[in-house]
Amino acid sequence: MSQLAAQAQTKARFHSIHEPLPVDEDGFITDPHLWSETFACLVTALDGRGTLTEEHLAVIYYLREHFLSCGALPPVQQLCHAQGMPKTHVKQLFGTCRAAWRTAGLPNPGSEALAYMS
């Protein structure tokens, strides 16, 4: 990506708690390219889950990379294996897969997928 394209993409991201959150009626971001770590921190705070740690960010960036390259949610087992953590640890970090998906700034996966994410 050229430096100019990277700057344009950065300018389009969510940067402040003073901006309206770019989310749909279910709380999912409307465009994954608007995501920023500020957005993730705000979603986490609004959900009452405290603050993000390096472990949270590792999971978030893995989810984003997988979705943006494959267009789908990775299986939890694959995510945990890649991050070197037990399967239950993602639930300990985020509470639900849905919360991890929202925090990672990924779009609404649809009602069928949401049923499995709780």
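Residues numbered from 1 in each chain as written. Predicted model: local features only at pLDDT ≥ 70, side-chain atom pairs only at ≥ 80, totals over all residues. Heavy atoms only, no water.

Draft legend 1. Molecular detail of the overall build of the chain. What the chain contains, in helices and strands, is 7 helices and 0 strands. Along the chain, from the amino end to the carboxyl end, the secondary structure elements read α-α-α-α-α-α-α. Here the chain holds 118 residues, and 36% of them are scored as buried. Restricting the contact set of the chain to residue pairs at least 6 apart, pairs at least 24 apart contribute 52%. For the chain, the exposed area adds up to about 6900 Å²; of that, 56% sits on carbon and sulfur atoms. (Helix = DSSP H or I, 4+ residues; strand = E, 2+ residues; numbered from the N terminus. Buried < 20%, exposed > 50% of the residue type's maximum accessible area, 1.4 Å probe, protein only. Contact = heavy atoms within 4.5 Å. Areas by Shrake-Rupley, 256 points an atom, 1.4 Å probe, with all protein chains shown as cover.)

Draft legend 2. Examining the confidence of the model for the chain more closely. In the predicted model, the chain carries a mean pLDDT of 84, and the fraction of residues at 70 or more is 86%. Put simply, helix α1 (residues 3-11) is where the chain has its lowest mean pLDDT, 44, and helix α3 (residues 54-70) is where it has its highest, 95. Low pLDDT, under 50, characterises residues 1-11; the stretch is placed with 4 contacts to residues that sit more than four places away or in other chains. (pLDDT = per-residue confidence, 0-100.)

Draft legend 3. A look at the nonpolar core. Ranked by internal contacts, the top residues of the largest apolar core, which has 26 residues, are Val59, Ile60, Leu63 and Phe94. Of all elements in the fold, only α2 (37-46), α3, α4 (76-83), α5 (89-94), α6 (97-103) and α7 (111-117) reach the threshold of two or more residues within this core. Of the residues forming this core, the biggest block, 6 residues, is contributed by α3. (Core = buried A, V, L, I, M, F, W, Y, C linked by side-chain atoms within 4.5 Å.)

Draft legend 4. Quick look at the packing of aromatic side chains. All told, the structure shown has 2 aromatic pairs when counted by the stated rule. For the pair tryptophan 35 and tyrosine 61, a centre-to-centre distance of 5.4 Å together with 90 degrees between the ring planes defines the contact as edge-to-face. Of the two residues, tryptophan 35 is situated in the loop between α1 and α2 and tyrosine 61 in helix α3; the sequence distance between them amounts to 26 residues. Assessed through its relative accessible area of 3%, tryptophan 35 is described here as buried. On the basis of an interplanar angle of 85 degrees and a centroid distance of 5.4 Å, the ring pair of phenylalanine 67 and tryptophan 101 is categorised as edge-to-face. (Phe/Tyr/Trp six-rings, centres within 6.5 Å; stacked < 30°, edge-to-face > 60°.)

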